[in-house]
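# Structural characterization, general
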Amino acid sequence: MAKKEEKEILEELVVEEKKIDPAALVKKIKTPQLLRGFHDVLAEDQVYWEAIRQKVNSLAFAYSFDRMELPILEPTELFVRSVGKQTDIVEKEMFQFQDQSGANVVLRPEATASTARAYIEHGMVDRPQPVKLFYEGPMFRYDRPQAGRYRQFNQFGFETFGSDEAIIDAQLILIADRFFRELGIPVTMQVNSIGTTETRNEYKIELVAYYRTHRNEICEDCKRRLTRNPLRVLDCKVEGCRAVTANAPQIIDWLDESSKEHFMRVLEYLEEVDVHYVLAPHLVRGLDYYSRTVFEIVPEGTDGSQSALGGGGRYDGLVELLGGRPTPACGFAIGIERTVAALKERQILPEVRGRRDIFLAQLGDVARRKGLALFEAFRQEGVPVAEAFGKSALKAQLELADKYQVKYTLILGQKEVLDGTIIIRDMESGVQETVDMNKVVGIIKKKLTE
Ligand code: AMP
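Read on for a plain summary of the structure. Computed from a prediction, not measured in an experiment: that's the story for all the values here. (Residues numbered from 1 in each chain as written. Predicted model: local features only at pLDDT ≥ 70, side-chain atom pairs only at ≥ 80, totals over all residues. Heavy atoms only, no water.)

Below, the discussion takes up the pattern of salt bridges. Here the structure, examined in full by the defined rule, presents 30 salt bridges. We note a salt bridge from Lys55 to Glu182, for which the minimum N-O separation is 3.0 Å. In this pair, Lys55 is assigned in helix α3 (residues 46–62) and Glu182 in helix α7 (residues 166–183), connecting sequence segments 127 residues apart. Looking at Glu182, the relative accessible area reads 46%, which means it is partly exposed. Between Arg117 and Glu74 there is a salt bridge whose closest N-O contact spans 2.9 Å. Of this pair, Arg117 sits in helix α6 (residues 112–121) while Glu74 sits in strand β2 (residues 73–75), and the two are 43 residues apart along the sequence. Each member of the pair, Arg117 together with Glu74, is buried. (Salt bridge = Lys/Arg side-chain N within 4 Å of Asp/Glu carboxyl O. Helix = DSSP H or I, 4+ residues; strand = E, 2+ residues; numbered from the N terminus. Buried < 20%, exposed > 50% of the residue type's maximum accessible area, 1.4 Å probe, protein only.)

This is the structure in structure tokens:
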């Protein structure tokens, strides 16, 4: 068959199979891009993510919180009922759609409601209380993307169900505080109490009356909020609104006796464990399910209006709101991207457990073959080793060893393979020694524990 004819048949086949426009074959293919507000976490950033995960896991273990994996897709109703209809999250930020069966579903915007759902659904009320759970994973909010604000971001959260004791609130605040401090990020805990539903109803009346006298100074959104959900005006970031809010009535003056006492106890516990907190009289947190203690975590030295690293509070009514038995509960969520950004801002490169201290370099075919087996011997003994079997030049391999900042590089060349030996190079001093290949795993293990 003539070459030309063959080419035509081939092209026809391809076009037919993939149903592509032949013109597209010649046009340059445009690479699909990330969706707006979404981001990739690259390998070079994993050191931060890993450090954060390790800290979360070690705190969870220390304070006896059990891990839960929760689904990312949930029924829309879950968040409408719990987070509240009049919140930004439910009003405008949910990624919601109908699935193939016509069910209304949503990519979860947060996970406290999911944890409460799971608590009810799996009858955790019958377990010894309090039930202490933690989670970690992606959340989705159709927010306006800007610095530190994504449409898919990650949170971890700690939640306690089944106790209304003030010490629970304080210990959760303490855990959040230690998380940041131990990573090297000094934080301030902004704390407040928003009492019971009755407290808030009385306070709302007072708040509306106050803002009405300043109607001309607040933004259009807030004017609307005033009739629908006046507490949200306190959260507004617009300059004019913030100025008016500065002198607004404070919910603490409307607290019932028992909430006031509860709050005082939370503060006393915090003093006991040296948590840096400030009272934030206008902090109410946007969501309907909070009651009593609320708090927000901000980097020390900022007022936190734009830069909260996390937040939480008590939500005694949530389980009941979702159809469970009345169950007091309290928890917090922390944003992982913002924590990574805070580490980078402070130029903190965290120490991560599980780093590799050994690099295995090989020269020539036989050494490469032997190296493959030696690598396995190290791995089976639980000694992590970095390698570059894909490279042959020693210089390129040593450069990699430098990059990994290993303590020792093992060099295996033709001569060493013949002699049954291997070179150990101490990367800090540059001193090299030749040892018996069959004993090298033991020798290295000993060196690493010295
Ligand atoms: P929230 O559930 O709104 O209280 O958020 C808790 C924490 O999650 C915040 O303090 C942020 O650290 C983080 N967070 C919330 N929304 C976003 C977002 N759109 N992008 C990145 N992080 C976020």
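The strand order β2-β4-β3 describes an open sheet built from three strands, whose pairing is antiparallel. Here the strands that pair on one side only, and so sit at the sheet edges, are β2 and β3 (95–98). In this sheet, adjacent strand axes meet at a mean angle of 35 degrees when their direction is disregarded. Looking at chain direction, β2 and strand β4 (residues 104–107) are connected through three bridges and run antiparallel. Residue pairing for β4: Glu74 is matched across the bridge by Val106. (Pairing = 2+ DSSP bridges. Axes fitted to C-alpha atoms, helices over the stretch in contact; angles between N-to-C directions.)

This part covers the nonpolar core. With 52 residues, the main nonpolar core has Phe161, Tyr211 and Leu234 as its most contacted residues. The leading source of residues in this core is helix α8 (residues 197–212), at five residues. Those residues in contact with Leu234 that lie beyond four places of it in its chain are Tyr203, Leu207, Tyr211, Thr245, Ala248, His282 and Val284. (Core = buried A, V, L, I, M, F, W, Y, C linked by side-chain atoms within 4.5 Å. Contact = heavy atoms within 4.5 Å.)

Counted under the stated rule, the structure contains 19 aromatic pairs. Ring plane angle 75 degrees and centroid distance 5.4 Å describe the contact between Phe95 and Tyr142, whose orientation is recorded as edge-to-face. Remark: Tyr142 occurs in the loop between β5 (131–140) and β6 (152–161) and Phe95 occurs in strand β3; sequence separation between them is 47 residues. Residue classification places Tyr142 among the partly exposed residues on the basis of a relative accessible area of 43%. (Phe/Tyr/Trp six-rings, centres within 6.5 Å; stacked < 30°, edge-to-face > 60°.)

All right, on to empty space enclosed by the protein then. A full pass over the atoms with the stated rule returns one cavity of 30 Å³ or more. The space that makes up the largest cavity amounts to roughly 40 Å³. Lining the largest cavity are Gln86, Glu91, Arg224, Arg225, Arg228, Asn229 and Arg232. Examining the composition of the lining of the largest cavity, we find that three residues originate from one element, helix α9 (residues 220–228), more than from any other. Here the lining of the largest cavity is built from residues that sort into no nonpolar, two polar and five charged. (1 Å grid on protein atoms, 1.4 Å probe; cavity = no way out; pocket = protein on both sides within 12 Å on 5 of 7 lines; lining within 4 Å. Points joined across faces, edges and corners; volume = space filled by probe spheres on them. Nonpolar A, V, L, I, M, F, W, Y, C, P; charged D, E, K, R; others polar.)

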